[in-house]
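# Structural features, examined
The lines below spell out each chain.
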Amino acid sequence: MAAQPCPSCEAALSLSMTNIFFSLPWPLPERATRRPVVPVFLPYAGCPVRCVFCAQHIQTGHAPEPLAATLKAALACLRQRRDMGLPPAELAFYGGTFTAQPPEALRACLDFFDTVRRRGLAAAFRCSTRPDAVDAQRLALLRDAGCAMVELGIQSFDDAALAAARRGYDSATAAAACREVATAGLRLGVQLMPGMPGVTPEIFLRDVSRLCAAPPALRACAVRFYPCLVMEGTGLADLWREGRYAPWSLETTLDTLARARLMTLRADLPVIRMGLAPEEELAAALLAGPWDPELGARVMARTLLLHVRQALAARGLRRICRMEAPRRCQGFFWGARGELRASWSRLGLASPPRWIAEEQLRIEAVPFPEAELPTQEGKEET
């Protein structure tokens, strides 16, 4: 394309005849720059209650076992990495409520990390826990022991939804925990659960907006979106069978996550996971809910489409004549099995864009005649 983007990548570039050329930032998901992670799964360890949706042994593919056996397996994994010439990893204590374990179990985990760090097998560790299981004393203990990140299973900041899911804490507790982690000098991770009982798309997007609006000193550095699934053996399964709970449809999930992902991209808030990883146990126990092995890619495809659609509407443009897009979009651009081809075609793009190395979009589009400018309602269409 002849047009060249301005330095800011946001302003209109030029006007030629009736067509308008502009460039649009496309901040693709962050490439992995962090240390490799070695997970250590501790299903249900330290959990004070069983949440209505929870089936950790199924979601992680790891059944509870004695802590000594879990740590022994982690040590073997770390040694294997060293023998392969791989750099020291970051241990990740997932599952359960790490900071609410019995003191002797918590001490065993911290001592284990200290041992593997001194041997050069691990460089740091992270852990996941509940927002009502952190305080200044426990966070200081983690920080001094070498913890780099604390991921909080917030799930939602909505009080009614938290009560419906039997989380056992309220929104104020969740917000306070985020502040505690950030002010303790630890990186903050937040997990949200779209579709959890009581969480509508509007409530979920409000939760995401809250994370995006946090001041830099208190902002999360990583977010996970885990759409709520109905798993056999959970309280949610009973509610579903009784007709008292209905999971989000896959279509609602994809569209809502696309809106959320665009919000986080614009706020430079990394989303490091969307959806559960495929596990044999998961497939066998799944009763209902929006699970899809391609969830992340399908969400990113819709996020890109939404980004372009909103940009066209905001500029009063009717259809695309030509488009250049980052090469890294090529794998998901049309959506799974071409599901978004018709949507792009309605915007004027029936053939693939020209793939470029730059991580921005360059678009030539035709404006609406003044009498046909879309209404504000049309501009907000997603």
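Residues numbered from 1 in each chain as written. Predicted model: local features only at pLDDT ≥ 70, side-chain atom pairs only at ≥ 80, totals over all residues. Heavy atoms only, no water.

## A closer look at the nonpolar core
L91 and W344 are the most contacted members of the largest nonpolar core, which has 104 residues in total. Here this core takes nine residues from helix α11 (residues 295-314), the largest share from any one element. Among residues more than four places away in sequence, those in contact with L91 are V38, V40, L78, F112, F113, V116, A122, A124, F125 and R126. I58, Y226, L229 and L276 belong to the second-largest nonpolar core, a separate cluster that totals eight residues. (Core = buried A, V, L, I, M, F, W, Y, C linked by side-chain atoms within 4.5 Å. Buried < 20%, exposed > 50% of the residue type's maximum accessible area, 1.4 Å probe, protein only. Helix = DSSP H or I, 4+ residues; strand = E, 2+ residues; numbered from the N terminus. Contact = heavy atoms within 4.5 Å.)

## Observations concerning the sheet that holds strand β3 (residues 37-41)
The sheet built from seven strands is open, its strands ordered β3-β4-β5-β6-β7-β8-β10 with parallel pairing. Looking at the sheet topology across the chains shown, the edges are occupied by β3 and β10 (271-274). Strand-to-strand, the axes of this sheet are offset by a mean angle of 20°, without reference to chain direction. Two elements, β3 and strand β4 (residues 89-94), share five bridges in a ladder whose sense is parallel. Each bridged residue has a counterpart across the sheet, and for V38 the counterpart in β4 is L91. (Pairing = 2+ DSSP bridges. Axes fitted to C-alpha atoms, helices over the stretch in contact; angles between N-to-C directions.)

## Concerning the environment of P36
Structurally, P36 can be placed in the loop between β2 (19-25) and β3. Linking P36 and A89, residues 53 residues apart in sequence, is a C-alpha distance of 5.1 Å. Ignoring any residue separated from it by four or fewer positions in sequence, one finds P36 in contact with R81, P88, A89 and E90.

## So, the pairing of strand β5 (residues 122-129)
Of all eight residues that make up β5, seven are buried, and the element is covered over most of its length. As paired strands, β4 and β5 are joined by five bridges and run parallel to one another. Of the residues in β5, the one forming a bridge with A92 is R126. Read as a crossover between parallel neighbours, the route from β4 over helix α3 (residues 103-118) to β5 is right-handed. (Right-handed = clockwise from strand over helix to strand, strands pointing away.)

## Let's talk about helix α9 (residues 250-266)
Given 3.6 residues to a turn, an α-helix orients residues that are three or four positions apart in the same direction. With 17 residues, α9 extends 24 Å from end C-alpha to end C-alpha; this agrees with the ideal 24 Å at 1.5 Å per step. Residues T253, L254, T256, L257, A258, A260, R261, L262, T264 and L265 constitute the buried set of α9. Packing partners of the buried residues in α9 comprise α7 (201-213), β8 (222-225), β10 and α11. In the stretch just after α9, D268 is the one whose phi turns positive, near 55°. (Expected span 1.5 Å × (residues − 1).)

## Digging into unusual backbone geometry
Despite not being glycine, Y44 has its phi angle at roughly 65°, a positive value. Residue position: Y44 is located in the loop between β3 and α1 (56-60). A positive phi is found at R337, a non-glycine position, where the angle reads about 55°. Mapping R337 onto the fold places it in the loop between β12 (317-326) and α12 (341-346).

## Considerations on the packing of aromatic side chains
Applying the stated rule across the entire model yields 10 aromatic pairs. Their ring planes at 80° and their centres at 5.8 Å tell us that F93 and F125 sit as a pair that is edge-to-face. Highlighted residues: F93 in strand β4 and F125 in strand β5, separated in sequence by 32 residues. Under the relative-accessibility criterion, F93 is labelled buried at 0%. By relative accessible area, which is 0% here, F125 ends up buried. Relative to W344, the ring of F333 has its centre 4.6 Å away and its plane inclined at 15°; by these criteria the two rings are stacked. With F333 in the loop between β12 and α12 and W344 in helix α12, this residue pair connects regions lying 11 residues apart in the sequence. This pair shows no difference in class: F333 is buried, exactly as W344 is. Ring pairing ties together the aromatic residues F93, F98, F113 and F125, which thus form one cluster. In this structure, R341 is placed above the aromatic ring of W334, and the distance from its NZ or CZ to the ring centre is 4.2 Å. (Phe/Tyr/Trp six-rings, centres within 6.5 Å; stacked < 30°, edge-to-face > 60°. Lys NZ or Arg CZ within 6 Å of the ring centre and 35° of its normal.)

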